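# Working through the structure, step by step
These are the residues of each chain, in order.
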Amino acid sequence: MKAKQILNELTAYKPGKPMEEVRKEFGLNRIVKLASNENPYGFSSKVREALPAFADEQEIYPDGYGTALKEKLAARYGVNLDQLVLGAGSDEIIMMICRTFLAPGLNTVMAHPSFSQYPHHALIEGAEVRAIETKNGFHDLPAMLDAIDEKTGIVWLCTPNNPTGNHINKADFESFIRQVPPEVLVVADEAYIEFLETDDYFDTLAALDTYPNLLTLRTFSKAYGLAALRVGYGIGHPDVIHKINVVRSPFNNTTIAQKAAIVALDDQQFIKESIAKNNQVKHSFLAFCDAHQIKYYESHTNFVLIYDLPVSGDELFQHMLSKGYIIRSGDALGIPNSVRITIGNEKDMTDFTVLLDQYLTSVKES
Ligand SMILES: *Cc1c(COP(=O)(O)O)cnc(C)c1O
């Protein structure tokens, strides 16, 4: 068969072992997943209460415009409906953006390590990927600017960045976007924006009028705790949104997902509480790292990347798996001797740090 050549070099996304499989394999009672940056506090109780009422009309196609959800988002962010595109997670929007703005002969600029879906879909579209090494986990913005040329279709800024966790400050972002040619799309992936612990960031939504080439991505999967429902959105210039909508499949958000997302937006108290708990537990974990000389990147998210470990990321991953904790090996992310740990709840993180300490001590002694 005649599949695209590039598909011989790519693999399907590996979402990590299903929890039930791990539980059986190691004969464990309970598995703690600290691998996908999900919300350990679940999702809004208001959504939970409302969900049964959303069970009706499953025989009817969803609203393909997602009008009610878009109206809600438009009111919240002070934008118009034609500035919004919805996706089955921002993953799907990343795919649609690549399909819209990339083709053979074009290139795309991004940080490395950063979110794996940017290069993945760019390569499938036949574009050249220009991945610029991060410095201390930070986007190397001057080098990224240098990599842009007349064939550049998209530049990706993941802020805060997955998997390093740090963010781009206001001055750096502003100086960067001012220098990007106006015909190059700048995507700001803000999947973790809710977790920022500083005011020193570039308000991309406020800048949309100034920069028609700026597109902001957000998701209900992380702070909102609705990863299973698959809802993400993009906010940008109507011309950009219009083109992406041409590519979008007709009914890409289910009725339940659209309705639940509206309720979730109204419960900011849940978000506030989740963030407060996350940050408290995160700082306890960072204090543990400091006390044990474990290096980590500054994190404005609900995960921490620890690096320069005395073992490979895969080894630590395997060890923790056998103890019932699923973390993400940095080997897969392109950073050897590192792991990315999603910040779980206080009890799970306390237990995890005890195991981590024991393991690293045993490695040192052997
Ligand atoms: C998790 C994540 C996404 C995608 O989340 P969806 O569940 O598809 O909305 C996008 N970008 C980054 C950086 C992420 O970490």
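All figures in this text were calculated on a predicted structure; none of them were measured in a lab. (Residues numbered from 1 in each chain as written. Predicted model: local features only at pLDDT ≥ 70, side-chain atom pairs only at ≥ 80, totals over all residues. Heavy atoms only, no water.)

Turning our attention to the site of the ligand. The local shell around the ligand holds 13 residues, among which Ser90, Tyr192, Thr219, Ser221 and Lys222 are the closest. Ser90 has a polar backbone atom sitting 2.6 Å from an oxygen atom of the ligand. Contact with the protein chains hides 94% of the accessible area of the ligand, taken as 380 Å² for the molecule alone. Residues belonging to the shell around the ligand are distributed by class as follows: four nonpolar, five polar and four charged. (Near = heavy atom within 4 Å. Polar contact = N/O pair within 3.5 Å; in protein donor to acceptor, adjacent residues only side chain to side chain. Areas by Shrake-Rupley, 256 points an atom, 1.4 Å probe, with all protein chains shown as cover. Nonpolar A, V, L, I, M, F, W, Y, C, P; charged D, E, K, R; others polar.)

On the UniProt side, "modified residue: N6-(pyridoxal phosphate)lysine" (unreviewed entry) is annotated at positions that read Lys222 here. Secondary-structure assignment places Lys222 in the loop between β7 (214–219) and β8 (232–235). Judged by relative accessible area, Lys222 falls into the buried class, the value being 14%. Lys222 has contacts with Ser36, Asn37, Asn39, Ala191, Tyr192 and Phe195, leaving out every residue within four places of it along the chain. (UniProt positions renumbered as here; feature names shortened; annotations may be inferred. Helix = DSSP H or I, 4+ residues; strand = E, 2+ residues; numbered from the N terminus. Buried < 20%, exposed > 50% of the residue type's maximum accessible area, 1.4 Å probe, protein only. Contact = heavy atoms within 4.5 Å.)

Here we come to the sheet that holds strand β10 (residues 303–307). Read across the open sheet, the four strands follow the order β9-β10-β13-β12; overall the sheet is antiparallel. A strand with exactly one partner marks an edge of an open sheet, and here the two such strands are β9 (295–296) and β12 (328–329). Two strands pair when backbone bridges link them, and β9 and β10 are joined in this way by two bridges, in the antiparallel orientation. For Lys295, the partnering residue across the bridge sits in β10 and is Tyr307. (Pairing = 2+ DSSP bridges.)

Counting buried positions over the six residues of strand β3 (residues 107–112) gives five, a clear majority of the element. Two elements, β3 and strand β4 (residues 128–133), share six bridges in a ladder whose sense is parallel. Directly across from Met110, in β4, lies its bridge partner Ala131. Assessed by its sense of winding, the connection that carries the chain from β3 through helix α5 (residues 117–124) to β4 is right-handed. Two elements, β3 and strand β5 (residues 152–158), share three bridges in a ladder whose sense is parallel. Bridging across to β5, Val109 finds its partner in Val155. (Right-handed = clockwise from strand over helix to strand, strands pointing away.)

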